[in-house]
Amino acid sequence: MNTTSRLPRLLGVVALAGALVFAAACGDNGDGEDGADGENGGAPTVTTTTTPPNGGDTATPTETADGGAGGGGEAVAVSLTDFAIDMPGSVSAGDTTFEVTNDGGTEHDFIVIATDMAPDALPVDGAQVALDELDVVEETTSIPSGETSEAEASLDAGAYVVICNVAGHYELGMRTALTAE
Ligand SMILES: [Cu+2]
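Here the structure is a predicted model, which means the values were calculated and not measured. (Residues numbered from 1 in each chain as written. Predicted model: local features only at pLDDT ≥ 70, side-chain atom pairs only at ≥ 80, totals over all residues.)

Peer 1: What is the right way to look at the overall build of the protein chain in this model?
Peer 2: In terms of regular secondary structure, the protein chain is built from one helix and 12 strands. Order of helices (α) and strands (β) in the protein chain, N terminus to C terminus: α-β-β-β-β-β-β-β-β-β-β-β-β. The buried share of the protein chain, reckoned over its 181 residues, is 23%. Of the contacts formed within the protein chain by residues at least 6 apart in sequence, a portion of 68% connects residues at least 24 apart. (Helix = DSSP H or I, 4+ residues; strand = E, 2+ residues; numbered from the N terminus. Buried ≥ 20, exposed ≤ 12 C-beta atoms within 10 Å, placed from the backbone. Contact = placed C-beta atoms within 7 Å.)

Peer 1: Explanation requested: the sheet that holds strand 9 (residues 135–139) in the structure shown.
Peer 2: Sheet strands pair via backbone hydrogen bonds, and the direction of the pair is either parallel or antiparallel. Strand order in the open sheet made by the five strands is 4-12-11-6-9, with mixed pairing throughout. The open sheet has two edge strands with one neighbour each: strand 4 (90–91) and strand 9. (Pairing = 2+ DSSP bridges.)

Peer 1: Explain the pairing of strand 10 (residues 148–155) to me, please; I cannot follow it from the model alone.
Peer 2: Along any regular strand, the residues point their side chains to alternate faces of the sheet. Residues S149, A151, A153 and L155 of strand 10 are buried on one face, while the alternating residues T148, E150, E152 and S154, pointing to the opposite face, are not. Sheet topology note: the strand 5 (residues 94–102)/strand 10 ladder contains eight bridges and is antiparallel. Considered in strand 10, the bridge of V100 is made with S149.

Peer 1: Mind showing me how you'd approach the environment of T106 here?
Peer 2: Inspection of the secondary structure assignment puts T106 in the loop between strand 5 and strand 6 (111–114). A sequence separation of 25 residues divides T106 from T81, and the C-alpha atoms of the two residues are 8.4 Å apart. Once residues within four sequence positions are removed from consideration, T106 is found in contact with D82 and S145.

Peer 1: In this structure, what is going on with the environment of S145? I would like to understand it.
Peer 2: Along the polypeptide, S145 turns up in the loop between strand 9 and strand 10. Take S145: there are 13 C-beta atoms within 10 Å of it, and that puts it in the partly exposed class. Sequence separation between S145 and H108 is 37 residues; the distance between their C-alpha atoms is 7.7 Å. Ignoring any residue separated from it by four or fewer positions in sequence, one finds S145 in contact with N102, G104, G105, T106 and E107.

Peer 1: Before we go on, may I ask you to explain the environment of M117 in this structure?
Peer 2: Within the element layout of this structure, M117 appears in the loop between strand 6 and strand 7 (124–125). Sequence separation between M117 and A177 is 60 residues; the distance between their C-alpha atoms is 9.2 Å. If sequence neighbours within four positions are ignored, M117 has contacts with L122 and V161.

Peer 1: Honestly, the nonpolar core in this entry has me stumped. Any pointers?
Peer 2: In summary, soluble globular proteins display a tendency toward joint burial of nonpolar side chains. Counting residues in each nonpolar core, the largest one holds 28 residues, and the members touching the most others are F110, V112, I113, Y160, V162 and I163. Where this core is concerned, the elements lending two or more residues are strand 2 (74–81), strand 5, strand 6, strand 9, strand 10, strand 11 (158–163) and strand 12 (175–180). Once you skip the residues sitting within four places of it in the chain, F110 turns out to touch V78, L80, F98, V100, E139, T140, I143, A151, V162 and C164. (Core = buried A, V, L, I, M, F, W, Y, C linked by C-beta atoms within 7 Å.)

Peer 1: What is the right way to read the pairing of strand 5 from this model?
Peer 2: As defined by bridge partners, strand 2 adjoins strand 5 across seven bridges and the pair is classed as parallel. What sits directly across from E74, in strand 5, is T96.

Peer 1: Any chance you could explain unusual backbone geometry here in plain terms?
Peer 2: Glycine aside, residues mostly have negative phi, and peptide bonds are mostly found in the trans state. For the bond running from D82 to F83, omega is 10 degrees, close enough to zero to count as cis. Looking at the element boundaries, F83 is found in the loop between strand 2 and strand 3 (84–86).

Here it is in structure tokens:
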């Protein structure tokens, strides 16, 4: 039944997660062990307000206030439309919570990539950005029209590009530069 129709989507998520782990593994393990900056090494913390897929983890999306004194870091509002990303061009380095609202009429997602490349210069494979060639630091699952997702990331100072990677949306203009400083 619909078990089979859901499978490709789940595989896609697994593939992306694998790419993340791979990127983290060969990315920046220069000095120090991983896990120095929190308990979720390569796994992005994504809290979606949409219905969770059953069969995954059964944890309720409660707030993960992990004992820190300072709070959840800087909150940054992001608006996704058809087809643009409206958000500040710079944020403070450190813990950041992106509050991503889909103000468009179709589904979108939100992906943060650490790169010095220009927003319109990312490698593309077909109708999508080739994420496996890039250092993805945060991504949400697909956000339906009208919904908001929170995505938490710990950003090192540097240059980033934010995109939506629903097929065709990057080329349509859903890309913008972000600096953490
Ligand atoms: Cu999009």
